[in-house]
Each structure stands twice: as structure tokens, then as C-alpha cells.
Amino acid sequence: MANIEKHREAGRIHQQVSETARGMVEEGASLLELAETVEDEIRAEGGAPAFPVNISRDEEAAHATPARDSDETFGEEMVNVDIGVHVDGWIADAAFTVDLSGNGELVEASREAVEAAVERVEAGVSTAELGTVIEETIEGYGYTPVYNLTGHGLGEYEQHTSPSVPNRGVDQGVTLESGDVIAIEPFATDGTGKVKEGGDEEIYSLQDPDARVRSRRARQLVESVAEEYRTLPFAKRWLDNDRLDMSLRRLKSTDVVEGYPVLKEDDGFYVSQAEHTVIVEEDGCEVTTR
Ligand code: MN
Ligand code: MN
């Protein structure tokens, strides 16, 4: 299969599992069951998760995923579900928000922003122009884009490559070229527009697969992660390793592994997210995740 076909196949799987995920967001339903069902279905369809299913709620914007023993269920919340699928390293990355909190307009704001940006994509367009249309669309709803989160390019086994796709007007962008694969992901909020790192950390990635690691357990962890996930993000709940927390702490302190704490707005605010992956064409784009 050509690489472009692998992108399309990842997108097809993404569309299918997103339908599954949407059907599982309801009051009283289990977060862990949603994440594991989607990740299993991705594998059953011949893909692999490009990162753990992110389920970020209310003031959370990104990097939340249930812990192994989580018994959390959905309440009257805003629920962002961000899913990544890859086929041989070629990634589809897209997200949607379901509102159970009574803030439906906020969901519309990010959804319309991603649609407006996708409309503008073609070879020769600057990412700055996409940022401007995203910002204007969200502000048109009376909300604020999250300025310090961006869309991004997608590479082989690389979830975040250049160019970054801003969620605001910027002075200098990057000109898109035919064949570029990018994820556009506006976040809208009724809060400050700037997310900060919170306490919980369930997602990690390997920074240096070839690092010399002295501890035997930590070395085994690096070897198994390198084989299964390369440098793509993984969930703590995916690992079955004695003294996992100690190994992760050790590997983080030597920069062999990076952790991704939950990113969130201030308490009491809400964040919605919408995201699609597109392949840039001469006069338009192909959305792989829709
Ligand atoms: Mn995403
Ligand atoms: Mn993304």
C-alpha cells in the first residue's frame, strides 16, 4: 500500500471508531470502557492507536486518558474525545466534543472553526490564514480560542511535525504544499484561552529508544515500548511492568521518557475541541477523517 493509501486507511478506521465512541458518550457510561473499546476496535480493523484515546472533560483540553483502574463515568459534562489511528506509522488524528453540560454553542464554535479552516486549505495558503479564520470564527460565537494549543503536521510515526497550525492570527505562517498532511484542531473556551499543565499524568512517550538504561526493569520497559509504540505516545494503562511508576519516574528524570500532564483551563470554565486530518492538494484538500 502506498503511504497515501495508508493515510486514507487510517482515516477510514478513524471514521468508524469515532462513530463507536460517539455512541458511548452518555451520562453514567464508563470512560475506561470507551477508551478500551475504541483502542480494541482500531486494532481489530488492522490499525493501531497512534496515541491513547484522550477523553478530556470540562476545563480539561487535552492529555487526559483513564487510568487502568478508573471507575469514572460521564456526568453532566463537556466531553472532548481525541482519537489517533495509524497504519504502518501513517496517522489519522481527529477529535469531537459531545456536550452533556448545556453549553452546546461552545461545541458549535470549535466545529465551525475547523470546517472554516478546512475550506481554506490548498497549496499556497499560509497557516497564518488558517489561524485567522479559526480565531474569527470562534470569536464570532463570543468565545476565545485556546492560543497555546495548535494543529500540526503528521509524519511517519510522528504525531507532531511542522508546520504548526495556529488557532489565532499570527504574523508569520508556513506556506502549505501539495501532499502535506496536517491536523487542524481548534479549541474554543469561555475561559482565558491559555491552558496550563494539571496534576494527572497518564500519557508518556519514549524520547530516546537507544538510551543506555541501567535499571533492568526500566530497560525492559524501554525495550517493550520501543518495539510496540516507537516514539508515539502510550498510556500507562497499556503497560504491564513491575514497579511501573518507579521505572517511569526514573526514565523521566533522565529524559528517556517524557510525560504529558493534563492540559486545562482554570476551574469553572469549559473547553471544546474539533479536529480533522487533511491531505493538502493543489486546489483544495482531502479530509481523511470525515
Ligand atoms: Mn488529536
Ligand atoms: Mn492533533
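All values derive from a computational prediction rather than experimental measurement.

Trainee: Honestly, the overall build of the protein chain in this entry has me stumped. Any pointers?
Mentor: Helix and strand content of the protein chain: 6 helices and 15 strands. The C-alpha atoms of the protein chain give 18 Å as radius of gyration, which agrees with the globular expectation for 290 residues (19 Å, within 12%). If one aligns the C-alpha atoms of the protein chain with their principal axes, the spans along those axes are about 55 × 45 × 35 Å. Burial status across the protein chain gives 55% buried among its 290 residues. Once local pairs closer than 6 in sequence are excluded, the contacts in the protein chain between residues at least 24 apart make up 75%. As presented, the protein chain carries roughly 12,900 Å² of accessible surface, and 39% of it is formed by carbon and sulfur atoms. Placing the 26 positive and 62 negative side-chain charges of the protein chain at their respective mean positions leaves the two points 11 Å apart.

Trainee: Mind showing me how you'd approach unusual backbone geometry here?
Mentor: Negative phi characterises most residues that are not glycine, and trans characterises most peptide bonds. A cis geometry characterises the amide bond from Ser 162 onward to Pro 163, with omega recorded as 0°. For Pro 163, the position within the fold is in strand E7 (residues 158-165). Even without being glycine, Asp 88 reaches a positive phi, approximately 50°. In this fold, Asp 88 is placed in the loop between strand E3 (78-87) and strand E4 (90-99).

Trainee: What should I look at first to understand a negative patch on the surface in this one?
Mentor: Residues Glu 122, Glu 281, Glu 282 and Asp 283 make up a contiguous surface patch of negative charge. The topology assignment puts Glu 122 in the loop between helix H3 (104-120) and helix H4 (127-140). Judged by relative accessible area, Glu 122 falls into the partly exposed class, the value being 32%.

Trainee: Where do I start with the coordination of the manganese ion (ligand 2) in this structure?
Mentor: Each donor-metal-donor angle in an ideal tetrahedron of four donors is 109.5 degrees, and each such angle in an ideal octahedron of six donors is either 90 or 180 degrees. Bound to the manganese ion (ligand 2) are the protein donor atoms Asp 93 (OD), His 152 (NE2), Glu 185 (OE) and Glu 275 (OE), situated 2.1 to 2.3 Å from the metal. Separating the manganese ion (ligand 2) from the manganese ion (ligand 1) is a gap of 3.1 Å, which Asp 93 spans by donating to each of them. Here Asp 93, found in strand E4, pairs with His 152, found in strand E6 (residues 151-155); they are 59 residues apart in sequence, far enough to count as distant. Note on accessibility: Asp 93 and His 152 belong to one class, buried.

Trainee: Even after reading the chapter, I still don't get the coordination of the manganese ion (ligand 1), so can you show me in this structure?
Mentor: Note on the manganese ion (ligand 1): its protein donors are Asp 82 (OD), Asp 82 (OD), Asp 93 (OD) and Glu 275 (OE). The metal-donor distances range over 2.1 to 2.3 Å. Ordering the donors of the manganese ion (ligand 1) by residue number gives the pattern D-x10-D-x181-E.

Trainee: Explain the packing of aromatic side chains to me, please; I cannot follow it from the model alone.
Mentor: By convention here, two paired aromatic rings are described through the distance between centres and the angle between planes. The full count for this structure, using the stated rule, is 3 aromatic pairs. Consider the rings of Tyr 229 and Phe 234, whose centres lie 6.2 Å apart with planes at 20°: the pair is stacked. Here the two residues Tyr 229 and Phe 234 agree in accessibility, since each one is buried. Relative to Trp 238, the ring of Tyr 229 has its centre 5.1 Å away and its plane inclined at 40°; by these criteria the two rings are tilted. Like Trp 238, Tyr 229 is buried. What links up through ring pairs into an aromatic cluster is the set Tyr 204, Tyr 229, Phe 234 and Trp 238. In this structure, Arg 43 is placed above the aromatic ring of Trp 238, and the distance from its NZ or CZ to the ring centre is 5.7 Å.

Parameters and conventions
- Residues numbered from 1 in each chain as written.
- Chains lettered and ligands numbered in written order.
- Predicted model: local features only at pLDDT ≥ 70, side-chain atom pairs only at ≥ 80, totals over all residues.
- Heavy atoms only, no water.
- Helix = DSSP H or I, 4+ residues; strand = E, 2+ residues; numbered from the N terminus.
- Rg over C-alpha atoms; globule rule 2.2 N^0.38 Å.
- Buried < 20%, exposed > 50% of the residue type's maximum accessible area, 1.4 Å probe, protein only.
- Contact = heavy atoms within 4.5 Å.
- Areas by Shrake-Rupley, 256 points an atom, 1.4 Å probe, with all protein chains shown as cover.
- Lys, Arg positive; Asp, Glu negative; His and termini not counted.
- Charge placed at Lys NZ, Arg CZ, Asp CG, Glu CD.
- Patch = residues over 30% accessible without salt bridge, like charges linked within 9 Å, V, L, I, M, F, W, Y side chains within 5 Å.
- Salt bridge = Lys/Arg side-chain N within 4 Å of Asp/Glu carboxyl O.
- Donors = N, O, S within 2.8 Å, 3.2 Å for Na, K, Ca; no water.
- Phe/Tyr/Trp six-rings, centres within 6.5 Å; stacked < 30°, edge-to-face > 60°.
- Lys NZ or Arg CZ within 6 Å of the ring centre and 35° of its normal.

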